[in-house]
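# Chain and residue survey
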Amino acid sequence: MKSILIIDDDPLIRKTLSTHLSKEGYDIYLAETGNEGINAYEDRSPDLVILDIRLPDIDGLETMQRIKEKSHGATVIIITAYDDMKTTVEAIKLGAFEYLVKPLDFVDLELTIDKAFQMKSLEEKLSYLVAEKEKEYTIDNIVGRSPQMRNVFKMIGSVAITRTNILIQGESGTGKELVAKAIHFNSPFSKEPFIVINCSAISDTLLESELFGHVKGAFTDAVTETKGKFEIAGKGTLFLDEIGDMSKNLQSKLMRVIETRDFMKVGGEKILKTEARIIAASNKKLKVLVDKGLFREDLYYRLKVVEIELPPLRERKEDIPDLVVYLLEKINLEIRKNVRKVPPQVMKLLTNLPWKGNVRELENALTRAVILAKGDVILQENLPIERGERDLLPKELIPLKNVERSYIQHVLSATKGNKTQTSQILKISRPTLDKKIREYKLNL
Ligand SMILES: Nc1ncnc2c1ncn2[C@@H]1O[C@H](COP(=O)(O)OP(=O)(O)OP(=O)(O)O)[C@@H](O)[C@H]1O
Ligand SMILES: [Mg+2]
């Protein structure tokens, strides 16, 4: 319920206002003097203040100032018998939301109160957005302290100021686009566009016109002339994602642009120049595609003037705890929750899962766990481990041979010590089973 503090020395006004506004569903606090009002504001933190100008101790304007010193965002509606310009101007200048003259019109007052609350919620949303934006830029958004990632950071630093073509390779979800952006935003051309184009998502014809633009009538759907990404990118960056999926035909066209720096729109005759830097990315190893004859070797060498290889997450497990903390912060901001606690055993589990989809998969798993969380803790049961698999997992993280030992014992007990059956179920030979029974000192 919203609350309103009424500061007025006139008992009649206090009474009528409080009766009326509590009927409207507000919680009402009352004060008779400026100082009393300031104290009440501090004690109660009301959502809104209705304030008289003439008060027995300090006047309304000073009272408002003092309240605003305590809480910058306080919303104050002034009600007064003075309707002179000077006081009005002064009140508004000092940040009063509205200035109503007595005798009060209740309809007017209600409308003003509604407006004030709408404004307040808008302001709250805005300040939230501002805080979020600031965060986006202040947080170092590539997380990692592993030697491999430190190397990547060094590479970003050294290539950012150059204009060379860069090839970023790595499994899906390892952060290729993130690295490309970091290079762009650390370059002297960071104010120029960063343009992403996915070479696998669209048809060959469409991709060609996306890259180079087309003139009117170049093909059936070309009703107007368009600019291609090479032109739009200006001196910025053109990020060619999934370059491995580009057709041989387009590969030759791209090769030409890289060599000559000029190109023509589809169906056009005018030669255009491009100054964009090209960063290409691929989750398939381009070298392998080259060896299979699917990717032009000359283009490969042109693109990989500098090569950045992003390691899979499972090869840099030490980065996972930092990533978990960072991603949780990001996710909570995005979906406006506050699930930031990760029990040690859950963190251990997160660190040891294989994460075939790398950071993206980790991010998705955490998002799901945050959404499903009832309190503020990430729970193991909300992590996407196959149910059957999870049920087999011991509660604690223990050495592999302990798991093997207790599982063999489990099957032996279930078969009442029948070694033939046990070895069949476990799909191991009898001699191997015998060896393990001796080694683990199992009971038959
Ligand atoms: N080191 C990192 N620190 C923080 N966030 C990361 C890191 N690596 C990846 N991410 C996040 O993981 C997600 C996937 O990253 P990105 O899109 O850059 O991967 P990708 O390699 O381009 O994947 P794909 O091959 O699937 O396109 C993004 O939300 C990104 O912000
Ligand atoms: Mg990508």
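Being a predicted model, the structure only gives us computed values, none of them experimental. (Residues numbered from 1 in each chain as written. Chains lettered and ligands numbered in written order. Predicted model: local features only at pLDDT ≥ 70, side-chain atom pairs only at ≥ 80, totals over all residues.)

### Remarks on the sheet that holds strand β1 (residues 3–7)
The strand order across the open sheet built from five strands is β2-β1-β3-β4-β5, with neighbouring strands paired in parallel fashion. Strands at the two margins of the open sheet, each flanked by one partner only, are β2 (27–31) and β5 (98–101). Here the strands of the sheet are splayed against their neighbours by 20 degrees on average, with no regard to which way each runs. Alignment of β1 against β2, held across five bridges, turns out to be parallel. Bridging from a neighbouring strand, isoleucine 7 pairs with alanine 31 of β2. Contacts between helix α2 (residues 34–44) and the sheet are confined to β1, β2 and β3 (48–52), with β1 contributing the most and set at about 165 degrees to the helix. Helix α3 (residues 60–70) contacts β1, β3 and β4 (76–80) of the sheet and is inclined by roughly 155 degrees relative to β3. (Pairing = 2+ DSSP bridges. Helix = DSSP H or I, 4+ residues; strand = E, 2+ residues; numbered from the N terminus. Axes fitted to C-alpha atoms, helices over the stretch in contact; angles between N-to-C directions. Contact = placed C-beta atoms within 7 Å.)

### Concerning the pairing of β1
Across the five residues of β1, four count as buried, placing the element largely inside the fold. Handedness of the crossover joining β1 and β2 through helix α1 (residues 11–23) is recorded here as right-handed. (Buried ≥ 20, exposed ≤ 12 C-beta atoms within 10 Å, placed from the backbone. Right-handed = clockwise from strand over helix to strand, strands pointing away.)

### Comments concerning the sheet that holds strand β6 (residues 166–170)
Read from one edge to the other, the open sheet built from five strands follows the order β7-β10-β13-β6-β14, with strand pairing classed as parallel. Every interior strand has two partners, whereas the edge strands, β7 (194–198) and β14 (306–310), have only one. Each strand of the sheet is rotated relative to its neighbour by a mean of 20 degrees, with strand direction disregarded. The pairing of β7 with strand β10 (residues 237–241) spans five bridges and is classified as parallel. Residue pairing in the sheet places isoleucine 195 in a bridge with leucine 238 of β10.

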